[in-house]
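# A look at the structure
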Amino acid sequence: MLKYLREDIKKLKAYKVNKIDYQIKLDANEGIAWLNGYNRYPDDSCSELREKLAKNLGMKREEILMGNGSSELIELVMKAYLEAEELVISISPTFSMYKIFTIIHKGNYEEYPLKDMTSLDVEGFIEFVQSKKPKIVILSNPNNPTGTLIPKEDIIKIAQACDCMIVLDEAYVEFAEEETLEEVRQYKNLIVLRTFSKALGLAGIRLGYMIADAEIIDYINRVRSPYNVNSLTQATGLRALENEEELTGNVRLIKEERERVRTRLEEMGYIPLPSQGNFLFFKGEEGLYTALVEKKVLIRAYGGDLKGYYRLTIGTSEENDIALATMEEVRNETGKDK
Ligand SMILES: *Cc1c(COP(=O)(O)O)cnc(C)c1O
């Protein structure tokens with residue numbers, strides 16, 4: 001689907017890296033090795049990772065593009081599709097990088113508020129998008145920071161009704177009850193993004209991937225920097241995919257912990273929103289963040305329209321216990337002051 005692509009990108013050719021069997025390799029100005037193999041540039045096409053992911057996901061290699069975190073992939077979509085002054089639409093509240101990337105790429109950015117921060121009025125959203133005529137709609141699903149999951153049937157309605165690219169950022173999908181994936185074959189304006197940073201516990205290696213129609217992948221690949229995913233990351237990512245049982249176990253544990261922490265927070269009088277991510281979002285007392293920082297416990301505090309709201313990431317049960325106990329301590333201390 002070329003319809004939404006930037007005009008100048010339609011003519012762009014990809015930077016081509018030849019893969020030829022060799023005896024002596026003196027074609028890339030690489031230095032002498034002192035650490036086994038790392039003197040060579042990485043596999044530019046991430047072929048092993050894409051092969052393994054394709055198999056796991058039931059998709060084709062040509063429908064997958066790897067990125068230096070999914071953050072890079074959000075930017076690549078904007079590089080390929082967004083012309084100056086064109087509009088990007090998301091929901092609010094949501095991941096703040098969408099607005100930042102849009103502004104960096106000279107676009108305009110608008111948000112449509114979630115209802116009570118817990119659900120999307122899909123008909124209202126579609127009307128909003130149809131009247132605003134954006135180039136890109138980007139949705140964090142489940143949504144960071146509220147934990148809201150837009151149901152698949154609503155995602156499909158949006159993809160059908162909106163005359164633009166729909167980017168579905170599924171950074172937290174492993175913690176959710178539902179995923180959207182093979183729909184990218186039917187709805188050619190749909191792009192799904194995933195990451196190794198959250199459920200797979202590998203935020204440090206910077207690895208994410210995009211799943212979309214092969215033609216979309218082909219064009220977005222043209223705006224990618226060569227060798228965007230380094231050799232250490234590719235090797236570690238492959239190891240993660242070979243250790244799936246352990247990772248599935250971790251996801252199950254986090255989901256159980258999420259509900260245990262929810263109960264404890266409710267007992268303390270907080271009201272966390274329903275969450276399909278590895279975090280809970282709730283309204284708390286002023287000064288909670290600072291009081292916790294003093295005890296070396298970090299949670300995320302929000303400002304602006306979300307002043308007084310906090311997001312707690314679900315960690316190991318030991319970490320969660322310490323965080324909860326510290327919150328109770330803060331409760332008791334501030335109680336005494338009053
Ligand atoms: C954490 C997160 C990402 C992940 O970014 P990476 O670059 O893959 O680490 C993407 N989108 C959302 C909404 C996130 O919360």
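To keep things clear, this report deals only with the structure shown in the data block. (Residues numbered from 1 in each chain as written. Predicted model: local features only at pLDDT ≥ 70, side-chain atom pairs only at ≥ 80, totals over all residues. Heavy atoms only, no water.)

## With respect to the side chain of Ser 92
To keep things clear, this is the line we draw: In DSSP terms, a helix is any run of H or I states spanning at least four residues, a strand is any run of E spanning at least two, and both are numbered starting from the N terminus. Only heavy atoms enter the contact rule, under which two residues are in contact if any of them lie within 4.5 Å.
In this fold, Ser 92 is placed in strand S2 (residues 87-92). Setting aside anything within four residues of it in sequence, one finds Ser 92 in contact with Glu 111, Tyr 112, Pro 113 and Leu 114.

## Focus on the packing of aromatic side chains
Condition: Two aromatic rings from Phe, Tyr or Trp, using only the six-membered ring of Trp, form a pair when their centres are within 6.5 Å; if the ring planes differ by under 30 degrees the pair is stacked, by over 60 it is edge-to-face, and anything between is tilted. Exposure is judged per residue with a 1.4 Å probe applied to protein chains only, and the accessible area is read against the type maximum: over 50% gives exposed, under 20% gives buried, and values in between give partly exposed.
According to the stated counting rule, one finds ten aromatic pairs in the structure shown. Here the aromatic rings of Tyr 172 and Phe 279 are separated by 5.0 Å at their centres, their planes lie at 80 degrees, and the arrangement is edge-to-face. Of this pair, Tyr 172 sits in the loop between strand S5 (165-169) and helix H7 (183-186) while Phe 279 sits in strand S8 (residues 279-283), and the two are 107 residues apart along the sequence. By relative accessible area, Tyr 172 is classed as buried at 6%. Arranged with centres 6.0 Å apart and planes meeting at 75 degrees, the rings of Phe 196 and Tyr 209 form a pair that is edge-to-face.

## Here we look at the packing of helix H2 (residues 47-57) against helix H9 (residues 231-242)
Rule in force here: Fitted lines through C-alpha atoms give the axes, limited to the stretch in contact for helices. The angle between two N-to-C directions lies from 0 to 180 degrees. Orientation is classified from the angle alone, with under 35 degrees giving roughly parallel, over 145 giving roughly antiparallel, 65 to 115 giving roughly perpendicular, and any other angle giving oblique. Left-handed is the label given to a crossing in which the near helix is rotated counterclockwise from the far helix by less than a right angle, and right-handed is the label when the rotation is clockwise. Classification used: nonpolar for Ala, Val, Leu, Ile, Met, Phe, Trp, Tyr, Cys and Pro, charged for Asp, Glu, Lys and Arg, polar for all others including Gly.
Contact geometry for H2 and H9: axes closest at 10 Å, N-to-C directions at 25 degrees. Classified by the angle between their axes, H2 and H9 sit roughly parallel to one another. For the element pair H2 and H9, the recorded crossing hand is left-handed. Here Glu 48, Leu 49, Lys 52, Leu 53 and Asn 56 of H2 come into contact with H9, specifically with Gln 234, Gly 237, Leu 238, Leu 241 and Glu 242. Its residues assigned to classes, the contact of H2 with H9 comprises four nonpolar, three polar and three charged.

## Examining the packing of H9 against helix H10 (residues 244-267)
Helix packing geometry: the angle between the two helix axes and the distance between the axes. At a minimum axis separation of 5 Å, H9 and H10 run at an interaxial angle of 75 degrees. Taken together, the axis directions place H9 and H10 in an arrangement best described as roughly perpendicular. Note on element contacts: H10 touches H9 through Glu 244, Glu 245 and Leu 247, opposite Ala 240, Leu 241 and Glu 242. A class-by-class count of the residues in the contact of H9 with H10 yields three nonpolar, no polar and three charged.

## Focus: the sheet that holds strand S6 (residues 190-195)
The condition that has to hold: Any two strands between which DSSP finds at least two bridges are classified as paired.
Read from one edge to the other, the open sheet built from seven strands follows the order S1-S7-S6-S5-S4-S2-S3, with strand pairing classed as mixed. Single-partner strands in this sheet number two, and they are strand S1 (64-67) and strand S3 (108-113). Each neighbouring strand pair of the sheet contributes to a mean axis angle of 20 degrees, computed without reference to strand direction. Where S2 and strand S4 (residues 136-140) come together, two bridges link them in parallel fashion. Across the sheet, the residue bridging to Ile 89 is Val 137, located in S4. Its contacts with the sheet place helix H5 (residues 122-132) against S2, S3 and S4, and it is angled at close to 160 degrees to S2.

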